[in-house]
Amino acid sequence: MDEDYAHDRAGWSSLLATLVTTDGAIVLSTLQRRYPDADAGQLAAWGKSIDILQEDGNVVIKDHPPAAHHGSILEYELPREGGRRPDVILLQDAAVLVVEFKNKQRVHLGDIDQVAAYARDLREYHSECHGIPVIPILLYLGRPTRIETDGVILTTPGQFASLVLKLAKKYASNPPKLALEPWLKGRYEPLPGIVQAARLLFERQPLPFIRRAQSAGIPQTVDHIIELCEEARVNQSRKLILLKGVPCAGKTLVGLQAVHNERLNEWLPDDRQHLNPASFLSGNGPLVAVLQDALKNRTFVQDMHRYIREYAVNTKAVLPHERFIIFDEAQRAWTAGKVENFYGKKGIKVNQSEPELLIRLTQRMPEGCVILALIGTGQEIHTGEESGIEGWIDAIADSGKPGEWTIHAPPSITANYVFKGIAVSEGDRLDLDMTLRSHAAEKLHEWVNGLLDEPGRLEGELQDIAMDLRAASYPILLTRELNWAKEYARMRFEGEKNRRYGLLASSKARNLQEHGVDNRFDRFFETAKWFNAEPDHKKSCCQLDKPAQEFHCQGLELDLPIVCWGNDVWWDDGWKIKKGRKNSLVRDPEQFRRNTYRVLLTRGREGVVIFVPPDDERMDAIAKKLIRCGAATLQSRRSQISEVA
């Protein structure tokens, strides 16, 4: 990051001594030039915070002269975070103070979680904060009776100077560990969401350097896949690459990087260099719709079912130009029964699975080909999605030319499947076992899997995981009042216009409509607008009026989902499901229902709120189970804050 760009991230940056001696009007006008869209309310808030900082900063410097050389940063825009800006960052000798000013008499739970999240992200993603205490502080106008809650220090204008002074002396260091200029030039390395990553790759920009991606070996995995593609091109051979990963390990990120790698261009003749030799295909319709809408492009990511219908079902069609095909969520490929059922309704007779159709299509390509199958686990929620990895092995074994293929797979797959004489090559790079989200997100999947799949697991263990999540500023919250959940979401992201929060609900729940959650099937539901539209758009998720179902949100994320738990799954010494019509294409309906809630509960980047309606004993049992497993009620947290402030 160059110096001008680094300073451009801050509305104001200087030594504390400079801040307290500069005319407040000059500081305010500097902020206004940096953020010209600030309204009158924002300008008034800035004016008040500048007055407090200058008055209390003078007190701190007078009592502790080294504080004159501390750094002060106002309205620092977190890189690649959609305009998120902590109000004030104070760089002491060996600690970073993150201060949010709230011009209100009472503290809201969302205010506390907001400043805690700023501190967490700086601690985790900013290179100059690694190994340094990052302390969240909430300054408001009330009179707290206790100074700290959930790791956030609460203070008022009358107490702020003494608090900053106390911390300055506690974290005094000679020489100082922090300095203003190096901090401003430090790297900030958050993991981009799937839409943001797609935008960068679509615009031919490099993805940001992400420490966790580097340590997880993502670049080496991409290189390994491209090397296998080059080998297939040179030898005109056929390869099926099985890339397995835990949830949020970066499988889709790897796929998007690989499919647009320039080294693949040699696979095309000179007269077709304007085409892409690879294609990223997904059977996840909502994901495709959201990405195509965000990018305003229909070829960067394509619909798998449409691709197979156009090129594989229609055997007389001209071969596609792609020789490298990526199949996202390949373990969910349609079985022969699902394909037959789908096309039978259209009067087309097809009795092959999607893997069979794709394998037979690629066998017609004389130049060789590679299929990269991205393999996840535990989120099959559609009928005809349970054939898994065996479906791909069977497709090659029954293709008539299995000797032309090599399957490349990680040890966790080669050790557990029978490959029926097909050549197999084992590769450690094809097992992504580290989530790229924060450590909190990794813990979330452990909590959700323990909740849904291990009814005998000690609830105390899940409580400990939930407490770890809360300490990492990733709350799991429960409420019986939907309005409380909505209020929390709005306050939590107040002033952060690029944040997304919304209602999620199971398609099979039948008791939510009476509580204001209309989860009935809606053929006009626009998933792309729900995720992408501005918060004030009537179809935006942030309107909190129309829920997305599991089919709409799988593979996508919200900053905060409000999961509306319905009466299709309840607790009675184990999870029970509401019986529906029998479907011959579904092997395990109970697993499907659990997977539905697994999808819904794991969509959040910043936390999750669970709304359990106050209906009957079944709903009460669900709420009690969630609380025993560590979910904190919004009511109890609100009560704690009322005691504090």
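My aim in this report is to walk through the structure given alongside it, one point at a time. (Residues numbered from 1 in each chain as written. Predicted model: local features only at pLDDT ≥ 70, side-chain atom pairs only at ≥ 80, totals over all residues. Heavy atoms only, no water.)

### Concerning the sheet that holds strand E4 (residues 96-101)
If you walk across this open sheet you meet the seven strands as E1-E2-E3-E4-E5-E7-E6, and the pairing is mixed. Looking along the sheet, the strands with just one partner apiece sit at the ends: strand E1 (10-15) and strand E6 (148-149). Pairing of strand E2 (residues 71-76) with strand E3 (residues 88-91) involves four bridges; the strand directions are antiparallel. The residue of E3 that forms the bridge with Ser72 is Leu90. (Pairing = 2+ DSSP bridges. Helix = DSSP H or I, 4+ residues; strand = E, 2+ residues; numbered from the N terminus.)

### What about the side chain of Arg603?
When you line up the elements, Arg603 lands in the loop between helix H23 (589-601) and strand E21 (608-611). Of the side chains bearing the opposite charge, Glu557 lies closest to the buried Arg603, which forms no salt bridge; the N-O distance is 6.4 Å. A polar contact is formed between the side chain of Arg603 and the backbone oxygen of Leu556, at a distance of 3.0 Å. (Buried < 20%, exposed > 50% of the residue type's maximum accessible area, 1.4 Å probe, protein only. Lys, Arg positive; Asp, Glu negative; His and termini not counted. Salt bridge = Lys/Arg side-chain N within 4 Å of Asp/Glu carboxyl O. Polar contact = N/O pair within 3.5 Å; in protein donor to acceptor, adjacent residues only side chain to side chain.)

### So, empty space enclosed by the protein
Tallying each qualifying case throughout the model produces six cavities of 30 Å³ or more. As a volume, the second largest cavity reaches approximately 90 Å³. Broken down by secondary-structure element, the contributors of at least two residues to the lining of the second largest cavity are helix H5 (109-125) and helix H19 (459-471). By residue number, the principal contributor to the lining of the second largest cavity is H5, which donates three residues. (1 Å grid on protein atoms, 1.4 Å probe; cavity = no way out; pocket = protein on both sides within 12 Å on 5 of 7 lines; lining within 4 Å. Points joined across faces, edges and corners; volume = space filled by probe spheres on them.)

### Section: a positive patch on the surface
A surface patch of like charges, here positive, comprises Arg298, Arg306, Arg309 and Lys346. Counting through the fold element by element, Lys346 comes out in the loop between helix H14 (336-344) and helix H15 (354-362). Given the relative accessible area of 49%, Lys346 is considered partly exposed. (Patch = residues over 30% accessible without salt bridge, like charges linked within 9 Å, V, L, I, M, F, W, Y side chains within 5 Å. Areas by Shrake-Rupley, 256 points an atom, 1.4 Å probe, with all protein chains shown as cover. Charge placed at Lys NZ, Arg CZ, Asp CG, Glu CD.)

### Some thoughts on the packing of H15 against helix H16 (residues 388-397)
Running from amino to carboxyl end, H15 crosses H16 at an angle of 40°, the nearest separation of the two axes being 8 Å. In terms of their interaxial angle, H15 and H16 are classed as oblique. As H15 packs across H16, the resulting crossing turns out to be right-handed. Touching Pro355, Glu356, Leu358 and Ile359 of H15 are Gly391, Trp392, Ala395 and Ile396, all from H16. Here the residues of the contact of H15 with H16 are counted per class, giving six nonpolar, one polar and one charged. (Axes fitted to C-alpha atoms, helices over the stretch in contact; angles between N-to-C directions. Parallel < 35°, antiparallel > 145°, perpendicular 65-115°, else oblique. Left-handed = near helix turned anticlockwise from the far one by under 90°. Contact = heavy atoms within 4.5 Å. Nonpolar A, V, L, I, M, F, W, Y, C, P; charged D, E, K, R; others polar.)

### Focus: the packing of aromatic side chains
On inspection of all chains with the given rule, the structure shows 13 aromatic pairs. Relative to Tyr501, the ring of Phe493 has its centre 5.8 Å away and its plane inclined at 10°; by these criteria the two rings are stacked. The burial state of Phe493 is the same as that of Tyr501; both residues are buried. For Lys338, the ring lying beneath its charged end belongs to Trp334, and the centroid distance is 5.2 Å. When the ring centre of Trp570 is taken as origin, the NZ or CZ atom of Arg618, which lies over that ring, is 3.6 Å away. (Phe/Tyr/Trp six-rings, centres within 6.5 Å; stacked < 30°, edge-to-face > 60°. Lys NZ or Arg CZ within 6 Å of the ring centre and 35° of its normal.)

By themselves, these are just geometric observations and shouldn't be taken as functional.
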